[in-house]
Amino acid sequence: MADAGETTHRVHGMGIALEAPTWPAITDGEAAAVLQWFPAAARVEALRWHSPRPFSAATLIDTARGALILKRHDRRVRSVAGLAEEHAFIAHLAAAGTPVPEVLRTADGASAVAVGDWTYELHRRGAGDDLYRDRPSWTAFESHDHAHAAGVALARLHEASCGFDAPARSVQPLVASFGILSAADPVAAAEDYVEARPALAAFLAGRPWRRALAALFAGAGEGLAQGIAGQVLLWTHNDWHPSNLLWADDGSVETVFDFGLADRTCAAHDLAIAIERTAFAWLELGQGRDDGIGDPGAALALIAGYAAIRPQSHADIAAALRLLPLVHVEFALSEIAYFAGVVGDVEAASLAWDGYLLGHADWFRSAAGLDFLARVDARGRVR
């Protein structure tokens, strides 16, 4: 693709249809100016592709020294310091042998640059085929073999993550944190979470949100904190879906990328997110086939791949299944803070609250959701 302007570039929205982007596509001139900050980057030859991901702008750049991925954020979403948190995790994983794209650095060693209202990061393109690059985040694997391979790769990432002892990320939009689900009193923890994010608090004002969350935790999360009390805290990916993986010809995962949601959680949390992202056709929820949106086979294949690398992981798997109905809650709140505070899109924020946070949790309490959990729980635990 040549340089895509605002009139032609489209991105994934909250539903199935592509939409006009919130953030304009990166231009040739913009890319050339930013790459001058990075000594290892060669001159721009062409912008080959623009990402349809909605929360930032990204482009694949051809250069004489290989392909690069340039990603641009609004500074209210990611600062240089915010990006440095995830880049430190990427560096740790690379040192431990995890196949992740190289993060390029400026002459003074910074892993990101701030220019005006924007923050930029630059990566080398990782090895492997980007088979899912144009698909929405909530897209199923093409096969259960891919799900199994993704489970293998996730377990290896968790093994590599051990020893990275950075604290949890600072308060910022679009991060999958672990402060509410792990709390003895999740509603009180949610109150603290909301208070720290004024735009989220303003959006929720007038809604019976405390009562709604209390009902969710009472219905699906009773004893949740005790169930995950034995989990070891570690940094995790938290956005494990097929389009964040590059694939080898044999169907294995060749590269893992996009650590924008990474944070200090636990293995069970990350495994639950991986299932939540890939075993459900969430975009079809409410479209007349709610009973058929879950694929227990995909969840079981992912779990089997994970257990093949971490055979001692039965406690992680049991905790992941306990977390699954509510694992999306904290990112949903973060997403609402983004829509309400950064973008000013009340309609999208409302959809994230009613359709994503409440709707997904309600599905797990439906007959179809309870059947899914029972089928995966019966066969997915490794004893």
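A. Just unusual backbone geometry, in detail. With phi around 60 degrees, L174 is a residue other than glycine that occupies positive phi space. Note on placement: L174 falls in the loop between helix 3 (144–161) and helix 4 (186–195). On the basis of relative accessibility, which here comes to 4%, the residue L174 falls in the buried class. With a phi close to 70 degrees, N238 is a non-glycine residue in the positive phi region. Here N238 is to be found in the loop between strand 8 (233–236) and strand 9 (245–247).

B. Representation of a negative patch on the surface in the model. Together, D129, D249, D250 and E254 make up a negatively charged patch on the protein surface. By the secondary structure assignment, E254 is in strand 10 (residues 253–256). We classify E254 as partly exposed; its relative accessible area is 33%.

C. Region of interest: the packing of helix 3 against helix 9 (residues 296–309). Here helix 3 crosses helix 9 at 40 degrees, and the two axes come no closer than 7 Å. Here helix 3 lies oblique to helix 9, going by the angle between them. For the pair helix 3 and helix 9, the crossing hand works out as right-handed. Along its contact with helix 3, which presents H144, A147, H148, G151, V152, L154, A155, R156 and H158, the element helix 9 presents G297, A298, A301, L302, A304, G305, Y306 and I309. Across the contact of helix 3 with helix 9, the residue classes break down as 10 nonpolar, 6 polar and 1 charged.

D. Highlighting the state of the cysteines. This structure, assessed with the given rule, holds 0 disulfides. The thiol of C162 is not disulfide-bonded; the next cysteine sulfur, from C266, is found 12 Å away. C266 sits in the buried class, given a relative accessible area of 0%.

E. Just the pairing of strand 7 (residues 118–124), in detail. Here strand 7 lies mainly inside the structure; 5 of its 7 residues are buried. The sheet contact formed by strand 5 (residues 68–74) and strand 7 spans 7 bridges and is antiparallel. Considered in strand 7, the bridge of L68 is made with R124. Summarising the sheet, strand 6 (residues 113–115) and strand 7 pair through 3 bridges and their orientation is antiparallel. The residue bridging A114 from the neighbouring strand is T119, located in strand 7. Here strand 6 folds back onto strand 7 in antiparallel fashion, the turn holding 2 residues, of which G116 has a positive phi close to 60 degrees.

F. Representation of the environment of L271 within the structure. Secondary-structure assignment places L271 in helix 8 (residues 267–278). As a C-alpha pair, L271 and I317 span 46 residues in sequence and 7.6 Å in three-dimensional space. Those residues within four positions of L271 in sequence are excluded, and the remaining contacts are L154, H158, L302, Y306, I317 and A320.

G. Here's a closer look at the pattern of salt bridges. Under the criterion given, the structure shown has 19 salt bridges. Between R48 and D62 there is a salt bridge, with its nearest N and O atoms 2.5 Å apart. On the criterion of sequence distance, the pair formed by R48 in strand 3 (residues 44–50) and D62 in strand 4 (residues 57–63) is long-range, its members being 14 residues apart. On the accessibility criterion, R48 (39% relative accessible area) is partly exposed. A residue is classified by how much of its surface remains accessible, and D62, at 21% relative accessible area, is partly exposed. One salt-bridge network, in which partners are shared between bridges, spans R78, E85, E86 and R169.

Scoring rules and cut-offs
- Residues numbered from 1 in each chain as written.
- Predicted model: local features only at pLDDT ≥ 70, side-chain atom pairs only at ≥ 80, totals over all residues.
- Heavy atoms only, no water.
- Helix = DSSP H or I, 4+ residues; strand = E, 2+ residues; numbered from the N terminus.
- Buried < 20%, exposed > 50% of the residue type's maximum accessible area, 1.4 Å probe, protein only.
- Patch = residues over 30% accessible without salt bridge, like charges linked within 9 Å, V, L, I, M, F, W, Y side chains within 5 Å.
- Areas by Shrake-Rupley, 256 points an atom, 1.4 Å probe, with all protein chains shown as cover.
- Salt bridge = Lys/Arg side-chain N within 4 Å of Asp/Glu carboxyl O.
- Lys, Arg positive; Asp, Glu negative; His and termini not counted.
- Charge placed at Lys NZ, Arg CZ, Asp CG, Glu CD.
- Axes fitted to C-alpha atoms, helices over the stretch in contact; angles between N-to-C directions.
- Parallel < 35°, antiparallel > 145°, perpendicular 65-115°, else oblique.
- Left-handed = near helix turned anticlockwise from the far one by under 90°.
- Contact = heavy atoms within 4.5 Å.
- Nonpolar A, V, L, I, M, F, W, Y, C, P; charged D, E, K, R; others polar.
- Disulfide = S-S within 2.5 Å.
- Pairing = 2+ DSSP bridges.

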